[in-house]
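Listed below are the residues making up each chain.
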Amino acid sequence: MELGGRMLWALLSGPGRRGGTRGWAFSSWQPHLPLAGLLNAKELVSHWTAVFEKRGIPEAQASSEYIVAHVLGAKTFQSLRPELWTQPLTPWQLQCIQELSSRRLQRMPVQYILGEWDFQGLSLKMAPPVFIPRPETESRVIAVDKGEAAICLTEENAQRLRLLDRIRIVPLDVTLEGSWAHLLPWGPVDLVVSNPPYVFHQDMEQLAPEIRSYEDPLALDGGEEGMDIIIHILALARWLLKDSGSIFLEVDPRHPELVGNWLQSQPDLSLDLVAMRRDFCGRPRFLHIQKSGPQRGCPADVWPGPQPARVPG
Ligand SMILES: C[S@@+](CC[C@H](N)C(=O)[O-])C[C@H]1O[C@@H](n2cnc3c(N)ncnc32)[C@H](O)[C@@H]1O
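Computed from a predicted model, the values in this text were never measured in an experiment.

1. Thoughts on the overall build of the chain
Okay, step 1: In terms of regular secondary structure, the chain is built from 10 helices and 9 strands.
Okay, step 2: Taking all 313 residues of the chain together, 26% fall into the buried category.
Okay, step 3: Sequence separation of at least 24 residues holds for 69% of the intrachain contacts in the chain that already meet a minimum separation of 6.

Now the structure itself:
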C-alpha cells in the first residue's frame with residue numbers, strides 16, 4: 001500500500017536568499033572550527049550538523065549531509081557507498097566541504113550551494129537569483145507493507161532511484177488492531193494507492209505455476225471473497241485521508257460490486273465508490289473511492305498534525 005501525500009519541503013532554502021554564488025571565491029571563507037581529526041564523511045556530517053544547529057541554521061543535518069555527499073560525488077548521504085562514510089577525506093575534499101558549509105552559515109539555500117537540485121525527476125541547474133522551484137507539487141510517499149522481503153526490496157529500489165528523501169517505508173501489518181495509529185505521524189494524506197492481495201482463496205490453486213511457485217501467497221490471497229485486506233485498507237483510510245481524499249485500488253472483476261455493497265453497509269467510514277476503470281482486456285479492475293464529509297470520530301487529541309519531513313535510515 002502506498003500513501004501519497006503532503007509534499008516534502010525541507011527548509012533548505014531558508015528565508016534569506018541573498019546575492020549569488022557568482023563572485024564567491026574560496027578565499028572568501030572563514031574557518032569556523034578547526035577540522036583537525038575530523039577526517040571522514042560521517043564525522044564531518046556530525047561536526048557541521050552541530051555547527052549549524054548552534055548557529056540556528058534550519059535543517060542542520062540534512063544541510064550537512066547534502067554538502068558532504070555532493071563533495072563526494074553523490075546526491076544524498078544515504079546513497080553514498082557505506083565504505084565512503086568512514087574513508088579519510090582528501091585535503092581538497094575537506095576544503096570544499098568547509099567552503100560550502102561556510103556558505104550555508106550565510107543562510108545560502110542548499111540548492112544554490114550545490115548548484116543543482118532534483119525536481120520532478122529532473123536534475124536542474126540552480127543559480128542565484130533564479131527562483132528555486134518549490135516542490136509544492138511533489139509528493140511524499142509513505143510505502144506500507146508487512147512483508148520483510150517487500151520492504152527490503154522497496155528500500156533498495158528507492159536507493160537506486162535516489163528517492164530515499166521522498167519516501168518513508170513503514171513495515172506494518174494493516175490488519176493489526178490500531179495499525180492506523182502508526183501511520184498518523186505522516187498524515188493526513190491526499191491519496192491511498194494499493195494493489196492489495198485480492199485473489200479469491202478458492203482461485204489460488206488455478207494461478208499459473210510461475211505465480212504459485214515463486215510469488216508469496218500472502219501477496220495474493222485475499223481470503224474467501226478476496227476482501228480480507230481490502231476492508232482493512234478502507235478502514236485505515238478513514239483515519240489517514242484528508243477530507244475528499246481518494247483511494248485507488250486494483251481489484252478482481254467481482255470486487256466493484258462487493259466493495260460498493262460493503263461501503264454502503266459501513267456509512268461511518270464516509271467513503272463512496274465514485275468510479276471504476278477497466279484493464280486492457282476490458283475487465284473492471286480499478287476502483288476510485290473517495291472520502292466524503294469531514295472526518296468523523298477521530299479524537300482531536302490523537303491527531304499529531306503535520307510532521308517535519310524525515311529521511312529514513
Ligand atoms: C499484490 S502485492 C503488491 C505489491 C506492490 N505494492 C505492488 O503494487 O507491486 C500485495 C502486497 O501486500 C502485502 N501485504 C499482504 N498482507 C498485508 C498486510 N496485512 N499488511 C500489509 N501489507 C500486506 C504483501 O506483502 C505484498 O507485498
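Having put the structure on the table, let's press on.
2. Observations regarding the packing of helix α2 (residues 60-71) against helix α4 (residues 91-105)
Okay, step 1: Interhelical geometry of α2 versus α4 gives an angle of 145° and a closest axis separation of 9 Å. Handedness of the α2/α4 crossing: right-handed. Along the contact surface, α2 presents S63, S64, I67, V68 and V71, while α4 presents Q93, C96, I97, L100, S101 and R104.
Okay, step 2: Across the contact of α2 with α4, the residue classes tally to 6 nonpolar, 4 polar and 1 charged.

3. Let's talk about the site of the ligand
Okay, step 1: What surrounds the ligand is a group of 13 residues, the closest being K146, G147, A150, N195 and A219.
Okay, step 2: Taken together, the residues that form the shell around the ligand break down as 7 nonpolar, 3 polar and 3 charged.

4. With respect to unusual backbone geometry
Okay, step 1: Between P128 and the following residue, P129, the backbone shows a cis peptide bond with an omega angle of 5°.
Okay, step 2: Considering the arrangement of structural elements, one finds P129 in the loop between β3 (122-125) and β4 (140-145).
Okay, step 3: One non-glycine residue, E59, lies in the positive phi region at around 50°.
Okay, step 4: Position of E59 among the secondary structure elements: in the loop between α1 (41-54) and α2.
Okay, step 5: The phi angle at R107 is positive, at roughly 70°, despite the residue not being glycine.
Okay, step 6: Here R107 is to be found in the loop between α4 and α5 (110-114).

5. Observations regarding the pairing of β4
Okay, step 1: Counting buried positions along β4 gives 6 out of 6 residues, so the element sits mostly inside the fold.
Okay, step 2: Burial along β4 is two-sided: the residues R140, I142 and V144 and V141, A143 and D145 are all buried.
Okay, step 3: Across 5 bridges, β4 lies against strand β5 (residues 167-171) in parallel orientation. For A143, the partnering residue across the bridge sits in β5 and is I169.

6. Points about helix α6 (residues 148-160)
Okay, step 1: In this model α6 runs 18 Å from its N-terminal to its C-terminal C-alpha over 13 residues, within 8% of the 18 Å that 1.5 Å per residue would give.
Okay, step 2: A positive backbone phi angle near 55° is found at R162, which sits one or two residues after α6.

7. Re the nonpolar core
Okay, step 1: Core analysis: the largest hydrophobic core is formed by 29 residues, its most contacted members being I230, A237 and L240.
Okay, step 2: When residues of this core are traced back to their parent elements, those giving at least two are β4, α7 (180-183), β6 (189-194), α9 (228-240), β7 (241-250) and β9 (284-291).
Okay, step 3: Per element, the largest residue contribution to this core is 7 residues, and it comes from α9.

8. Structural notes on the environment of K146
Okay, step 1: As for its placement among the helices and strands, K146 is situated in the loop between β4 and α6.
Okay, step 2: Measuring from C-alpha to C-alpha, the distance between K146 and V174 comes to 7.6 Å, with 28 residues separating the pair along the chain.

9. Some points on the packing of α1 against α2
Okay, step 1: At a closest axis distance of 8 Å, the pairing of α1 and α2 adopts a crossing angle of 140°. It follows from the interaxial angle that α1 and α2 lie oblique. By crossing handedness, the relation of α1 to α2 is classed as right-handed. Side by side, α1 and α2 meet where A41, L44, V45, W48, T49, F52 and E53 of the first sit next to A60, Q61, S63, S64, E65, I67 and V68 of the second.
Okay, step 2: Here the residues of the contact of α1 with α2 sort into 8 nonpolar, 4 polar and 2 charged.

About the cut-offs
Residues numbered from 1 in each chain as written. Predicted model: local features only at pLDDT ≥ 70, side-chain atom pairs only at ≥ 80, totals over all residues. Helix = DSSP H or I, 4+ residues; strand = E, 2+ residues; numbered from the N terminus. Buried ≥ 20, exposed ≤ 12 C-beta atoms within 10 Å, placed from the backbone. Contact = placed C-beta atoms within 7 Å. Axes fitted to C-alpha atoms, helices over the stretch in contact; angles between N-to-C directions. Left-handed = near helix turned anticlockwise from the far one by under 90°. Nonpolar A, V, L, I, M, F, W, Y, C, P; charged D, E, K, R; others polar. Near = placed C-beta within 6 Å. Pairing = 2+ DSSP bridges. Expected span 1.5 Å × (residues − 1). Core = buried A, V, L, I, M, F, W, Y, C linked by C-beta atoms within 7 Å. Parallel < 35°, antiparallel > 145°, perpendicular 65-115°, else oblique.

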